[in-house]
Amino acid sequence: MIHFRTTSSYVLAACLSALVPLQAAGQTEVSITPVVQGLDTPWAVAALPAGGMLITERDGALLHVKDDASAAVDGVPEVHARGQGGLLDVTLAQDFAATREIFLTYSKRQAGGAGTALAVARLSDDGSQLEDLRVIFESAPGSSGGRHFGSRVVEALDGTLFLTIGDRGDRPSAQDRSNHNGTVVRVNRDGSVPGDNPFVGQQGIQPEIWSFGHRNPQGAGFDASGQLWTSEHGARGGDELNRVQKGANFGWPVISHGRHYSGLKIGEGTSKEGMEQPVHYWDPSMAPSGLLVYKGDMFPDWRGDIFVGSLKFDYIARLEVSGDSAREVEQIETDQTSRVRDIIEAPDGSILFISVGDGAVYRMTRTGA
């Protein structure tokens, strides 16, 4: 496992970069450069195809960044910014170039507390405001407390949307399909339920549920074959990388490879018939957040690899995938990888990641590319 660090300072100027030789990439030199700094608890970033990006800040601000200028976007929904809640993910629609639609996830005030909500809106041509904002899904019922909203949204090739939702700190509810806690849900672009969802028409089960038994999945991404992968906060010693399957039960809190923070055993052990095993788990826990399955051309040796940001140990894990299995082969650890919240692929194949510790978005490129 390769660890690397850099001592170059990002504070001096955006043109300064950290040059890091990566043996795993054939001695390729990689540059890490700051793109945006001075952010307040950034949560997600989306790269715009014509240049620039959108960035969410958890207190409710959506920023449009272009040509070294940053401005708040008007028309963002009101968020319930408490604990881990707030304005969370931002994702561009696959047909953004034609529709300019974006998807936002956030904690929405509800009767009984708050829940994870998904909204769609059109970004104005000048990027200054959201138009025709519509809430197309919200978890039910509302829950008190400010934990475990999950909240990554990704669009499948067929146009359906997959949204991750945490157990909201109510462990048993992740096995109770009458609510949306601890699930991955799947909806159409208009919020309707796809007819081929696994539990459609089954009494007492929320029809949007695609999989359940999750604790707090905060990373999600599709590989080139259309397979959905999630990274998930477990308890102590039980963070997971999961290969999500239709109708599958991922076991929380009946099974886990971790233990309660008190040290006590969780549920019935590490396995049970009818419950899925993680493809990979981290012990000690690394607090996984954003997830990227790399498909670009800038780093051909990394194509198909999964990248997961660590909020606890300040690195980006790189995992090689072989069929249904994955293994961590590298930890990209630099002065810039402080509490990595999100990681995405930009249109040019470079990698953008959020450092919450630095309040910054960084770009990783191959030197000379």
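Please refer to the structure placed before this passage.
For the structure given in this document, a descriptive report is provided here. (Residues numbered from 1 in each chain as written. Predicted model: local features only at pLDDT ≥ 70, side-chain atom pairs only at ≥ 80, totals over all residues. Heavy atoms only, no water.)

1. A few points about the sheet that holds strand 12 (residues 153-155)
Basically, it comes down to this: Two strands are counted as paired when DSSP detects at least two bridges linking them. The numbering of helices and of strands both runs from the N terminus, where a helix is a DSSP run of H or I of at least 4 residues and a strand a run of E of at least 2. Here, axes are lines fitted to C-alpha atoms. For helices the fit covers the stretch in contact, and angles between N-to-C directions go from 0 to 180 degrees.
Pairing within the open sheet is antiparallel, and its four strands lie in the order 12-13-14-15. Each edge of the open sheet carries a strand with a single partner, namely strand 12 and strand 15 (209-212). Direction aside, the axes of adjacent strands within the sheet are offset by 20 degrees on average.

2. What to know about the nonpolar core
Using the following cut-off: Here, the term nonpolar core denotes a set of buried Ala, Val, Leu, Ile, Met, Phe, Trp, Tyr and Cys residues that are joined through side-chain atoms within 4.5 Å. Note on classification: 1.4 Å probe, protein chains only; a residue is buried when its accessible area is under 20% of the maximum for its type, exposed when over 50%, partly exposed between these limits. Contacts: residue pairs with any heavy atoms within 4.5 Å of one another.
Counting residues in hydrophobic clusters, the biggest one holds 24 residues, and the most contacted among them are L54, L62, V90, I102 and L130. Listing elements by their share of this core, those giving two or more residues are strand 4 (42-47), strand 8 (87-92), strand 9 (101-110) and strand 10 (113-123). With five residues, strand 10 is the single largest residue contributor to this core. Ignoring anything within four residues of it in the chain, the contact list for V90 reads A44, V45, A46, L54, T56, L62, I102, F103 and L104. Formed by 17 residues, the second largest nonpolar core is a distinct cluster that contains F307, I316, I343 and A360.

3. Details of the pairing of strand 13 (residues 161-165)
For strand 13, the tally of buried residues reaches five of five residues, placing the bulk of the element in the interior. Side chains L161, L163 and I165 of strand 13 all project onto a buried face; the interleaved residues F162 and T164 project onto the opposite face, where all are buried too. The pairing of strand 12 with strand 13 spans three bridges and is antiparallel. From the neighbouring strand, V153 faces strand 13, where its bridge partner is L163. Connecting strand 12 to the antiparallel partner strand 13 that follows it, the hairpin turn spans five residues, and G159 within it adopts a positive phi of roughly 90 degrees.

4. Quick notes on the pattern of salt bridges
Rules: A carboxyl oxygen of Asp or Glu within 4 Å of a side-chain nitrogen of Lys or Arg is what we treat as a salt bridge.
Scanning all chains against the criterion turns up 20 salt bridges. We note a salt bridge from D89 to R152, for which the minimum N-O separation is 3.1 Å. Of this pair, D89 sits in strand 8 while R152 sits in the loop between strand 11 (130-138) and strand 12; the two residues are 63 residues apart in sequence, bridging distant segments of the chain. Of the two residues, D89 and R152, neither departs from the other in class, the shared state being buried. Across the pair D324 and R243 runs a salt bridge, and its minimum N-O distance is 3.3 Å. Remark: R243 occurs in strand 18 (residues 239-243) and D324 occurs in the loop between strand 22 (316-322) and strand 23 (325-332); sequence separation between them is 81 residues. On the basis of relative accessible area, D324 is assigned to the exposed category, the value being 53%. Each of D95, E101, D132, R134, E155 and R189 takes part in salt bridges that share partners, so that together they form one network.

5. Concerning the packing of aromatic side chains
Inclusion rule: Stacked, tilted and edge-to-face pairs are distinguished by plane angle, under 30 degrees for stacked and over 60 for edge-to-face with tilted covering the rest, among Phe, Tyr and Trp rings (Trp via its six-membered ring) whose centres lie within 6.5 Å.
Tallied over the entire structure, the rule returns seven aromatic pairs. On the numbers, 5.6 Å between centres and 75 degrees between planes, the contact of F162 with F222 is edge-to-face. On the criterion of sequence distance, the pair formed by F162 in strand 13 and F222 in strand 16 (residues 217-222) is long-range, its members being 60 residues apart. The same class applies to F162 and to F222, which are both buried. On the basis of an interplanar angle of 35 degrees and a centroid distance of 5.5 Å, the ring pair of F353 and Y362 is categorised as tilted. The burial state of F353 is the same as that of Y362; both residues are buried.

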